[in-house]
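Observations on the three-dimensional arrangement
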Amino acid sequence: MATAQAHTYVYKGKDKRGKATQGEIKGANLILVKAQLRKQGVITTSVKKKSKPLFGGSKAVKPADISVFTRQMATMMKAGVPLVQSFDIVSEGAENENLKDLIHNIRDDVSAGLSFGASLRKHPKYFDDLFCSLVEAGEQAGALETMLDRIATYKEKTESLKAKIKKALTYPIAVIVVAIVVTAVLLIKVVPVFAKTFSNFGGDLPAFTQFVMGISDATQEWWLVWLAGLIAIFFSIRELKRRSPKFSTAIDKYSLKVPVVGNILYQAIIARFARTLSTTFAAGVPLVDALNSVAGASGNAVYRETTLKVRDDVTTGIQLNHALRATGKFPVLLLQMASIGEESGALDEMLGKAAEHYEEAVDNAVDNLTTLLEPMIMSVLGILVGGLLIAMYLPIFKLGAVI
């Protein structure tokens, strides 16, 4: 049975001494809050649920918040702090109100006798099946603090990898958007001013100037339609990716073939594969079950299907490195690491080293991409803006030559 969601209530009243008092209190509902205040000796005159601000409300709980929460819990447990008390300490340091509520709900479930893993499973939005399975494995083995430390390391590495991918994609996208906006402003606001001036010349304009003025006229007339079309395309692609498995698979497949960026995505997928498999296998999860978790955490439809095929091959008795090699989708280094790990009985350690290698490769690739893109993007911006300016000044140069 789910624990009721705690809400914040604002109250006014008098304390035991008859002095006016007011404040905030958390509770599942109004009746319980009033009962709690009566126990504290407060005679209430007004109790109502605290209204949420229209703007600037509480922040959503992000994966990075869950990563920090896991690391803090691991630190508390390693220090010998009891589990329930650890929740209280961690929640006090949380600035995000939604995260505080989440931690309180988990603490209440654990206090009521539910296992840590089972209480996490009640919040699938924040804790995926892999996270919950690892926590349950740690509880069953009596090594929850060690398991939380491994999960924290895994989450930190995963979030770091995501941040690197975002860094690789955000910079060029941001510059392209700025270039489009600047070009649109020039075409809509600046070029028409020159066009009015040129209309008084009475002569033929250069072909390049006429071409740019034609684009300007089309942009002024259709810019709203184009903008609406771009927004519609963006949301349509997002919905199709979410609702159509075939479309999602096609997007994931072709994203790996994009020059430069595709290689970064590929290395990130391999790093995530190795890191997830290393963490789950080190936790004592059977290899077949571990591959199930890896498939779910792959982040790419192509490699999710590939991992499931590897799982099926391993189920029939084929060694992991042979099953990986048969797919033709994994790099030689990972195959060698998996082979050495299976032969030496240290598969988790070898996969961990492979993950570190590819995480570092992603980091270097992102830095190189940023360095490479800066002059290229500046050149494109220069050509766009410079081309528009040249087109506008060509008639003036022509007029000056005639004079």
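See the structure shown above.
Just so you know, these numbers come straight off a predicted model, no measurement behind them.

What about empty space enclosed by the protein?
Unoccupied space between atoms shows up once a probe the size of one water molecule is rolled over them. Scanning the model with the defined rule gives two cavities of 30 Å³ or more in all. Counted as a void, the largest cavity has a volume near 40 Å³. The wall of the largest cavity is formed by Leu 186, Val 190, Val 191, Phe 194, Leu 388, Leu 389 and Met 392. Within the residue set of the lining of the largest cavity, elements represented by two or more residues are helix H7 (144–198) and helix H15 (347–402). If one sorts the elements of the lining of the largest cavity by residue count, H7 sits on top with four residues. Per-class residue counts for the lining of the largest cavity are seven nonpolar, no polar and no charged. Residue lining of the second largest cavity: Ile 269, Phe 273, Val 294, Ser 298, Tyr 303 and Thr 307, and that is the complete set. When contributions to the lining of the second largest cavity are tallied by element, the ones reaching two or more residues are helix H10 (261–282) and helix H12 (301–315). In terms of residue class, the lining of the second largest cavity is made up of four nonpolar, two polar and no charged.

Let's talk about the packing of aromatic side chains
By the definition in use, this model includes seven aromatic pairs. Here Phe 87 and Phe 116 contribute two aromatic rings whose centre-to-centre distance is 5.4 Å and whose plane-to-plane angle is 80°, an arrangement assigned as edge-to-face. In this pair, Phe 87 sits in helix H3 (residues 83–93) while Phe 116 sits in helix H5 (residues 116–121), placing the two residues 29 residues apart along the sequence. Looking at Phe 87, the relative accessible area reads 1%, which means it is buried. We classify Phe 116 as buried; its relative accessible area is 2%. Both rings, one in Phe 273 and one in Phe 330, keep their centres 4.9 Å apart while their planes meet at 50°; by these two values the pair is tilted.

Some details on the side chain of Asp 252
Within the secondary structure, Asp 252 sits in helix H9 (residues 245–255). A relative accessible area of 9% places Asp 252 in the buried class. With residues near it in sequence (within four places) discarded, Asp 252 still touches Lys 241, Asn 300, Ala 301 and Val 302.

A look at the environment of Thr 316
Turning to its location among the elements, Thr 316 is positioned in the loop between H12 and helix H13 (320–327). Reaching out from Thr 316, the side chain makes a polar contact with the backbone oxygen of Asp 313 at a distance of 2.5 Å.

Considerations on a nonpolar patch on the surface
A surface patch of nonpolar side chains, amounting to about 600 Å² of accessible area, comprises Trp 223, Leu 224, Leu 227, Ile 231, Phe 234 and Phe 235. Examined against the element boundaries, Trp 223 turns out to sit in helix H8 (residues 207–243). We classify Trp 223 as partly exposed; its relative accessible area is 41%.

Analysis parameters
Residues numbered from 1 in each chain as written. Predicted model: local features only at pLDDT ≥ 70, side-chain atom pairs only at ≥ 80, totals over all residues. Heavy atoms only, no water. 1 Å grid on protein atoms, 1.4 Å probe; cavity = no way out; pocket = protein on both sides within 12 Å on 5 of 7 lines; lining within 4 Å. Points joined across faces, edges and corners; volume = space filled by probe spheres on them. Helix = DSSP H or I, 4+ residues; strand = E, 2+ residues; numbered from the N terminus. Nonpolar A, V, L, I, M, F, W, Y, C, P; charged D, E, K, R; others polar. Phe/Tyr/Trp six-rings, centres within 6.5 Å; stacked < 30°, edge-to-face > 60°. Buried < 20%, exposed > 50% of the residue type's maximum accessible area, 1.4 Å probe, protein only. Contact = heavy atoms within 4.5 Å. Polar contact = N/O pair within 3.5 Å; in protein donor to acceptor, adjacent residues only side chain to side chain. Patch = residues over 30% accessible without salt bridge, like charges linked within 9 Å, V, L, I, M, F, W, Y side chains within 5 Å. Areas by Shrake-Rupley, 256 points an atom, 1.4 Å probe, with all protein chains shown as cover. Salt bridge = Lys/Arg side-chain N within 4 Å of Asp/Glu carboxyl O.

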